[in-house]
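Secondary and tertiary structure notes
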Amino acid sequence: MSAPLRLRDVVKRYDGGGETVTALDGVDFAVQPGEFAAVVGPSGSGKSTMLHTLGLLDVPTVGTVLVDGRDATTMTDRERTRARREYIGFVFQQFYLIDTLTAVENVTLPTVYHDDPTADERAQALLGRVGLGDRLGHTPDELSGGQKQRVAIARALVNDPDVVLADEPTGNLDRDTGRQVLTEFEQVTDRGVALVAVTHDPLVADYADRTVRIVDGQLTPKEVEMA
Ligand code: ADP
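Quick summary incoming for the structure in this document.

Helix-helix packing is characterised by the crossing angle of the two axes and by the distance between the axes. Relative orientation of the contacting elements helix α4 (residues 119-129) and helix α5 (residues 145-157) amounts to 135°, with a least axis distance of 9 Å. In terms of axis orientation, α4 runs oblique to α5. Considering how the two elements wind past one another, α4 and α5 form a crossing that is right-handed. In this structure, α4 uses Leu126, Leu127 and Arg129 to contact α5, whose residues at the interface are Val151, Ala154 and Leu157. Its residues assigned to classes, the contact of α4 with α5 comprises five nonpolar, no polar and one charged.

Printed below as a string of structure tokens:
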């Protein structure tokens, strides 16, 4: 089975003010189905750029991004958007839930682009799975930080992605709540979904199957090219 998501020799440069910043400097990275990979590194090392590139939100200057074996760098914006919706779910430090919507409505948001009669049912089942079966009609201000992040995890899963990308998923949570969210991630990967979390938080590495470190846009250990 091909890796659901892979970066191959990716370079990302930003030009501005007569200066060029190399945010990613020859990154090879692949995540396998059911694997939980953590990417750790200091501030400014390229973590967000790597996550945005994996999430097809940003196009590399050089190199390829393979989604389910297809090169996303040659796709049109429309194709990339569709691939993102089909294959990738996102979880953010700030949760990004809509305050006026209930938990179920927040979870169904990524389904509104296409007619999807089973979306409500799936959202309810996913919220049940993350332990929020009794909070379906609550709005975010009626939920704790950990509960909000679990709604966000359910939302990331609603389109049945191959990969979930998480940006500092425990950054706004206390340690115990962070552990609960990471346990939830383990259950996500137990179902075969791949998960990549970029983070400062050493706790995340305790739960990950593999941790890579990024410094000055380069990964260590370097990944060996896999067939
Ligand atoms: P991290 O997430 O590890 O803090 P980033 O990926 O945000 O690191 O940034 C890596 C490097 O790229 C930093 O030097 C940062 O200043 C630079 N950078 C990131 N985004 C931009 C941008 N849009 N324009 C210019 N420089 C950027």
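Take empty space enclosed by the protein next. Going through the model one piece at a time under the given rule, you end up with two cavities of 30 Å³ or more. Within this model, the second largest cavity holds a volume of roughly 40 Å³. Along the walls of the second largest cavity sit Thr53, Leu56, Asp58, Val59, Pro60, Val65, Ala72, Thr73 and Arg80, which together make up its complete lining. Residue composition of the lining of the second largest cavity, grouped by class: five nonpolar, two polar and two charged.

Looking now at the sheet that holds strand β4 (residues 62-67). One open sheet holds the four strands; their spatial order is β2-β1-β4-β5, and the pairing between them is antiparallel. With one partner strand each, in any of the chains shown, β2 (19-31) and β5 (70-71) form the two edges of the open sheet. Pairing between strand β1 (residues 5-16) and β4: five bridges, direction antiparallel. Counterpart to leucine 7 in the pairing with β4 is valine 65.

Let us look at the layout of surface pockets. In this structure, the largest pocket occupies an estimated 430 Å³ of space. Arg85, Ile88, Phe90, Pro110 and Tyr113 are, among the 15 residues lining the largest pocket, the residues nearest its centre. Looking at the lining of the largest pocket element by element, the count peaks at four residues for strand β6 (residues 88-92). Estimated volume of the second largest pocket: approximately 180 Å³. Ranked by residue count, the leading element in the lining of the second largest pocket is α4, at three residues. Looking at the lining of the second largest pocket residue by residue, the class counts come to six nonpolar, no polar and four charged.

In this model helix α6 (residues 175-190) runs 23 Å from its N-terminal to its C-terminal C-alpha over 16 residues, within 8% of the 22 Å that 1.5 Å per residue would give. Within the sequence span of α6, burial applies to Thr177, Gly178, Val181, Leu182, Glu184, Phe185, Val188 and Thr189. For α6, the buried positions fall inside an angular range of 150° around the axis, keeping them on one side. Of the exposed residues in α6, those oriented more than 90 degrees away from the buried face are Asp176 and Asp190. At the C-terminal side of α6, glycine 192 shows a positive phi close to 95°.

On to the packing of aromatic side chains. Enumeration according to the criterion identifies three aromatic pairs in this entry. Taking the centre distance of 5.9 Å and the plane angle of 90° together, the rings of phenylalanine 36 and phenylalanine 185 count as edge-to-face. Taken together, the positions of phenylalanine 36 in strand β3 (residues 36-40) and phenylalanine 185 in helix α6 put the pair 149 residues apart, joining distant regions of the chain. Under the relative-accessibility criterion, phenylalanine 185 is labelled buried at 0%. Taking 6.0 Å as the distance between ring centres and 5° as the angle between the ring planes, the aromatic pair formed by phenylalanine 90 and phenylalanine 92 counts as stacked. Taken together, the aromatic side chains of Phe90, Phe92 and Tyr96 make up a single cluster linked through ring pairs.

The subject of this paragraph is the pairing of strand β9 (residues 210-215). Note on strand geometry: in a regular strand, side chains alternate between the two faces of the sheet. In this structure, β3 lies alongside β9, joined through four bridges in parallel fashion. Considered in β9, the bridge of alanine 38 is made with threonine 211. Alignment of β9 against strand β10 (residues 218-220), held across three bridges, turns out to be antiparallel. In the sheet register, arginine 213 faces β10, and the bridge partner there is threonine 220. Between the end of β9 and the start of β10, which pair antiparallel, lie two residues, with aspartate 216 showing a positive phi angle near 50°.

Calculation notes
- Residues numbered from 1 in each chain as written.
- Predicted model: local features only at pLDDT ≥ 70, side-chain atom pairs only at ≥ 80, totals over all residues.
- Heavy atoms only, no water.
- Axes fitted to C-alpha atoms, helices over the stretch in contact; angles between N-to-C directions.
- Helix = DSSP H or I, 4+ residues; strand = E, 2+ residues; numbered from the N terminus.
- Parallel < 35°, antiparallel > 145°, perpendicular 65-115°, else oblique.
- Left-handed = near helix turned anticlockwise from the far one by under 90°.
- Contact = heavy atoms within 4.5 Å.
- Nonpolar A, V, L, I, M, F, W, Y, C, P; charged D, E, K, R; others polar.
- 1 Å grid on protein atoms, 1.4 Å probe; cavity = no way out; pocket = protein on both sides within 12 Å on 5 of 7 lines; lining within 4 Å.
- Points joined across faces, edges and corners; volume = space filled by probe spheres on them.
- Pairing = 2+ DSSP bridges.
- Expected span 1.5 Å × (residues − 1).
- Buried < 20%, exposed > 50% of the residue type's maximum accessible area, 1.4 Å probe, protein only.
- Arc of directions from axis to C-beta.
- Phe/Tyr/Trp six-rings, centres within 6.5 Å; stacked < 30°, edge-to-face > 60°.

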